[in-house]
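Structural characterization, general
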Amino acid sequence: MLIAIPKVLDAAQLNALRQLLDQAGPAWVDGRVTAGYQGAAVKFNQQIDERSAVALQCQQIVLEALERHPRFISAALPNTLYPPMFNRYGEGMNFGAHVDGSVRIHPHSGRKLRTDISATLFLSESSSYDGGELQIEDSYGTHSVKLEAGDMVIYPATSLHQVTPITRGTRTACFFWVQSLVRDDGQRSTLFDMDNAIQKLNQTNADETARRSLIGCYHNLMRQWSET
Ligand code: NI
């Protein structure tokens, strides 16, 4: 399921990130350094060197925001996050259709991480560039995503996706992967819907015993479906 998560970053966090990224100079490298065999042939962008000091500073801002974001936690049910990365596309750059690599080595812990979910957090105002749409294919068709700065989209990492060519301006974004506690996208979607319904019921005078029972069902499904 493709889920938009609005307002992951506030204006202050966005400004701090933009300042760091604007001044990153030589930490911007060719995006192909981290692309696998399939991706390298179609990837034309720049990204921040994962080992640079500026990458760590930027990651910290994003990770702190994600940890406090209930909709992200509810939708992704994160087990392990790949440290957020940062890319930019100038005019004429794009990233052709590809599926993200299934397993990555966590650069800090050295442990393997299964990429269940792909995430793109938009950092540029949508009016500041043309093109640069994230197009994601699923069984319902192709979805074109271009969100406001500070908003994020998460989608199953199994999806074929691309970033269309930029025709004006620069598109800067943050992207990362999540190994979820619940590997299956359908099960994760069910839990997300159920959690949303519970949150809504909690704001009403709905029967307390029934609500408690529903919350119990949520946790019992989590127990059945999650892996740590
Ligand atoms: Ni990708």
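A quick note: this is a predicted structure, and the numbers were derived from the prediction, not measured. (Residues numbered from 1 in each chain as written. Predicted model: local features only at pLDDT ≥ 70, side-chain atom pairs only at ≥ 80, totals over all residues. Heavy atoms only, no water.)

Running from N to C, helix 5 (residues 185-202) and helix 6 (residues 208-225) cross one another at 160°; their axes reach a closest spacing of 10 Å. The angle between helix 5 and helix 6 places the two elements in the roughly antiparallel class. Relative to helix 6, helix 5 is oriented so that their crossing is left-handed. Only Arg-211, Leu-214, Ile-215, Cys-217, Tyr-218, Leu-221, Met-222 and Trp-225 of helix 6 make contact with helix 5, whose side of the interface consists of Gln-187, Thr-190, Leu-191, Met-194, Asp-195, Ile-198, Leu-201 and Asn-202. Residues of the contact of helix 5 with helix 6, tallied by class, amount to 11 nonpolar, three polar and two charged. (Axes fitted to C-alpha atoms, helices over the stretch in contact; angles between N-to-C directions. Helix = DSSP H or I, 4+ residues; strand = E, 2+ residues; numbered from the N terminus. Parallel < 35°, antiparallel > 145°, perpendicular 65-115°, else oblique. Left-handed = near helix turned anticlockwise from the far one by under 90°. Contact = heavy atoms within 4.5 Å. Nonpolar A, V, L, I, M, F, W, Y, C, P; charged D, E, K, R; others polar.)

We now examine the domain arrangement of the chain. In terms of domain boundaries, the chain breaks down into domain 1 (3-180) and domain 2 (185-225). Using C-alpha coordinates to define each centre, domain 1 is positioned 30 Å away from domain 2. Contact residues are listed per partner, giving 10 residues for domain 1 and seven residues for domain 2. With both sides pooled, the region where domain 1 packs onto domain 2 buries about 680 Å², and carbon together with sulfur makes up 62% of that total. Looking at the side of domain 1 facing domain 2, the largest losses of area belong to Ser-74, Leu-77 and Pro-156, adding up to 58% of the total buried there. Here domain 1 and domain 2 share zero salt bridges between them. (Domains from an automatic or database assignment. Buried area = accessible area lost by both parts, 1.4 Å probe. Salt bridge = Lys/Arg side-chain N within 4 Å of Asp/Glu carboxyl O.)

The sheet built from five strands is open, its strands ordered 3-7-15-12-13 with antiparallel pairing. Only two strands of the sheet have a single neighbouring strand rather than two, namely strand 3 (43-44) and strand 13 (141-145). Across two bridges, strand 3 lies against strand 7 (residues 94-98) in antiparallel orientation. Of the residues in strand 7, the one forming a bridge with Phe-44 is Asn-94. (Pairing = 2+ DSSP bridges.)

Below, the discussion takes up the pairing of strand 14 (residues 152-156). Counted residue by residue, strand 14 has five buried out of five residues, so it is predominantly covered. Looking at chain direction, strand 1 (residues 3-5) and strand 14 are connected through three bridges and run antiparallel. When the bridges of strand 14 are listed, Ala-4 appears paired with Val-153. Of the strand pairs in this sheet, strand 10 (residues 117-122) and strand 14 are connected by five bridges, and their pairing is antiparallel. Bridging across to strand 14, Ile-117 finds its partner in Pro-156. (Buried < 20%, exposed > 50% of the residue type's maximum accessible area, 1.4 Å probe, protein only.)

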